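# Topology and contacts: notes
Listed below are the residues making up each chain.
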Amino acid sequence: MKLEMRDTPGQLVAALKPISALGGNIIAVIHQRDASSTAESLDVQIVLELPEGRLDRLLEMLKAEGVNVVRIGEERLLHMSSLILIGHLMHTDLSDTVDRIDRTGFAEVTEMSLVMPAINAPSSARITIRSVNAEDMRKAIDILRAVADQKDILIIEPLEEM
Amino acid sequence: MRIVLLGFGSVGQGIARAIHTKDLGITITGCADSRSGVVDDAGIDIGAALERKQKTGYCGDTRITPMDVVATAEYDVLVEVTPTNVTTGEPASSHIRTAIERGKHVVTSNKGPIALAYRDLQAAARRNGVCLKYEATVCGAIPLINAMQEGLAGNTVTRLLGVLNGTCNYILTRMSEEGLTYEQALMEARELGYAEADPTYDVKGIDAAIKLVILANTVLHLDKTLDDVETTGIDLLTPDALRLADEQDCTIRLIGEIVPGDGVLRVSPRIIPKTHPLVVEGTLNAVTVETDMAGEITFIGRGAGSTETASAVISDLLSIRDRYVQGS
């Protein structure tokens, strides 16, 4: 997630403190001087990870510190799992298989590599699922397991989430 | 210390050879294979029995059955290393019960009785004041059971993960490294003697599942049967699947998993980073135990083989001698 704020003296420190207080992880602080901007007012971008559900609290704390948040970037889905499927993937409607995950609204298939060796031979695919949190990932994988069972697809799960 | 040895195949002969060549203070007063037996309370001639087995296929007299040896010989410990029957546990379970009722300690490498009847057998052993040990049933030479019962005593195990079947690990290693198909890798494993003529028991994950049941019931104090293990084998894996894993610096291994808190027992092929300690080569076995105090501990070693299994059996024997039979 990306936060943009006006840079006035002391604001950067004031902005960073609540992030760590809420268990967030600061990935980058981009401090870019724009030619048109004046010395006392700069734009600062902070890229950060924050445990789910704490964004509102962060914004309140920033406001209390007098930090003026200009814009909040897109929330990214940080949990990711790659799984491998083996079976007659096309004949069992691969787009439906993917759709069952996408349809949940809390997880989505963001990447897929498919290998189809020969007609009638089982194909193999690696799919990457993303979700906002671990619980949603677990639910998404449970759905995929049920679909795989129904369609006679072998599903190879990762030992650990990546 | 006097022992009788039931089962004179590869494991039994490995134990006999070790006792014959190393000065362990162990005398074999009886031994039997499925078709013959020999009893001598003064100690049998081990060299002669090994030679006889090699030449004729019999270790002793065809009129003497394994049960005769258990029931009549003079000994302190029964070593039960007959082939595993996972459906009934027999005839090993009867051999073990008979020895326990006679007040004899038991050491076994046989997975059947331990997976099917551990509670009963352990209760009988306690009643009779004898010891039942089974280190060799899981992961051959790796002293896993001893490490979990003694070395990690007091720890709470939050998860156990293991590569428990050398045949599967060999096949997956070859598929991953050489791009072989499952069939090609299996054929190679057979030629090298790593896979049985009927590989079902190994490649379908049944062998690994039985080992999970043994670990669950003996060291993790759960109450599980083979039916409780969600089991998926490796026989449907494609070289493409291994290539897809490889693209992400991962590979695929057959992993047995126990999560005691959830009661989950699972054997399935899993995607695993190549740098993970459980990614071992060839027929090796590996087990990672996650605990509350000791953190993560990984054991790696040879999971099968005549001398390797003998190592586990002899360690059990010496531990019994030191605790119970001292001075005899």
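All chains use their own residue numbering, which begins from 1 and follows the written sequence. Note on labels: chains are lettered from A, ligands numbered from 1, in written order. Restriction of local features to residues with pLDDT of at least 70 applies here, the model being predicted, together with a cutoff of 80 or more for giving and counting side-chain atom pairs; totals for whole chains, interfaces and linings are based on all residues. The basis for the side-chain values is all heavy atoms of the structure; hydrogens and waters are excluded.

Now for the interface of chain A and chain B. If you look at the interface, chain A gives 20 residues, while chain B gives 24 residues. Summing both sides of the interface, chain A and chain B together bury roughly 1800 Å²; the carbon and sulfur share of this comes to 62%. Each reported salt bridge corresponds to a side-chain nitrogen of Lys or Arg within 4 Å of a carboxyl oxygen of Asp or Glu. Our count for the chain A to chain B interface comes out at three salt bridges. Note that B:Glu247 and A:Arg126 form a salt bridge whose closest N and O atoms lie 3.0 Å from each other. Pairs of N or O atoms within 3.5 Å make up the polar contacts considered here, provided that, within protein, one atom can donate a hydrogen while the other can accept it, and that residues adjacent in sequence are counted only when both atoms are side-chain atoms. Linking chain A with chain B are nine residue pairs in polar contact (both at pLDDT 80 or more). We call two residues in contact whenever any of their non-hydrogen atoms come within 4.5 Å of each other. Note on definitions: buried area is the accessible-area loss of two parts on being combined, 1.4 Å probe, summed for both.

All names here are of chain B. Pairing is mixed in the open sheet, where six strands are placed in the order S3-S2-S1-S4-S5-S6. Two strands close off the open sheet at either side, each with one partner strand: strand S3 (37-39) and strand S6 (132-133). Direction of pairing for strand S5 (residues 105-108) relative to S6: parallel, over a ladder of two bridges. Note on S6: the bridge partner recorded for Val-107 is Lys-133. For helices, the fitted line uses only the C-alpha atoms of the stretch in contact; every axis is such a line through C-alpha atoms, and the angle between N-to-C directions lies from 0 to 180 degrees. Here a strand is any run of E in DSSP of at least two residues, a helix any run of H or I of at least four, and the numbering for each starts at the N terminus. Along the sheet, helix H12 (residues 306-323) contacts strand S1 (2-6), strand S4 (77-80), S5 and S6; its crossing angle with S5, the most-contacted strand, is approximately 160°. By the convention used here, strands pair only if DSSP detects at least 2 bridges between them.

Residue and element names in this part refer to chain B. For Asn-165, the position within the fold is in the loop between strand S7 (157-163) and helix H7 (166-178). There is a polar contact of 2.8 Å between the side chain of Asn-165 and the side chain of Asp-207. Not counting the four nearest positions on each side in its chain, Asn-165 is found in contact with Asp-202, Asp-207 and Asn-285.

Looking now at the packing of aromatic side chains. Residues and elements named next belong to chain B. Any pair of Phe, Tyr and Trp rings, taking the six-membered ring for Trp, is counted once the centres come within 6.5 Å. Such a pair is stacked with planes under 30 degrees apart, edge-to-face with planes over 60 apart, and tilted for the rest. Inspection of every chain in the model, using the stated rule, returns two aromatic pairs over all chains. Geometrically, the ring pair formed by Tyr-118 and Tyr-134 is edge-to-face, given 5.4 Å between the ring centres and 80° between the ring planes. With Tyr-118 in helix H5 (residues 111-127) and Tyr-134 in the loop between S6 and helix H6 (144-151), this residue pair connects regions lying 16 residues apart in the sequence. When its relative accessible area of 4% is taken as the criterion, Tyr-134 is described as buried. Ring centres 5.0 Å apart and planes at 65° place the aromatic pair Tyr-170 and Tyr-194 in the edge-to-face group. With Tyr-170 in helix H7 and Tyr-194 in the loop between helix H8 (182-191) and helix H9 (200-203), this residue pair connects regions lying 24 residues apart in the sequence. Of the residues examined, Tyr-170 reaches a relative accessible area of 10% and is grouped as buried. Partly exposed describes any residue whose relative accessible area lies between the buried limit of under 20% and the exposed limit of over 50%, with all areas from a 1.4 Å probe on protein chains only and scaled to the type maximum.

Moving on, we come to a nonpolar patch on the surface. Residue and element names in this part refer to chain A. Patch members must show over 30% relative accessible area and no salt bridge, and they are joined within 9 Å when carrying like charges or within 5 Å when they are nonpolar side chains of Val, Leu, Ile, Met, Phe, Trp or Tyr. Every accessible area reported is derived by Shrake-Rupley at a probe size of 1.4 Å, with residue values counting cover from the shown protein chains alone. Taken together, the side chains of Met-90, Met-112, Leu-114 and Met-116 present a nonpolar region at the surface, about 370 Å² in accessible area. As for its position among the elements, Leu-114 is in strand S6 (residues 107-115). Given the relative accessible area of 34%, Leu-114 is considered partly exposed.

Glancing now at the confidence of the model for chain A. Chain-level pLDDT for chain A is 82 on average; 83% of the residues reach the 70-or-more range. Confidence of the prediction at every residue is given by pLDDT, a number between 0 and 100. Within chain A, the lowest mean pLDDT, 66, falls on strand S1 (residues 2-7) of chain A, and the highest, 96, falls on strand S8 (residues 154-158) of chain A.

This part is about the packing of H5(B) against helix H10 (residues 206-218) of chain B. Residues and elements named next belong to chain B. It is at 9 Å that the axes of H5 and H10 come closest, and there the two elements cross at 50°. If you check the angle between H5 and H10, you find them oblique. Crossing hand, H5 versus H10: left-handed. Contacts between H5 and H10 involve Lys-111, Ile-114, Ala-115 and Tyr-118 on the former and, on the latter, Asp-207, Ile-210, Lys-211, Val-213, Ile-214, Asn-217 and Thr-218. In this classification, Asp, Glu, Lys and Arg are treated as charged, Ala, Val, Leu, Ile, Met, Phe, Trp, Tyr, Cys and Pro as nonpolar, and every other residue, Gly included, as polar. Grouping the amino acids of the contact of H5 with H10 by side-chain chemistry returns six nonpolar, two polar and three charged. Note on terminology: angles under 35 degrees are roughly parallel, angles over 145 are roughly antiparallel, angles of 65 to 115 are roughly perpendicular, and the others are oblique. Handedness of a crossing is defined here by the sense of rotation of the near helix relative to the far one, left-handed for an anticlockwise turn of less than a right angle and right-handed for a clockwise turn.

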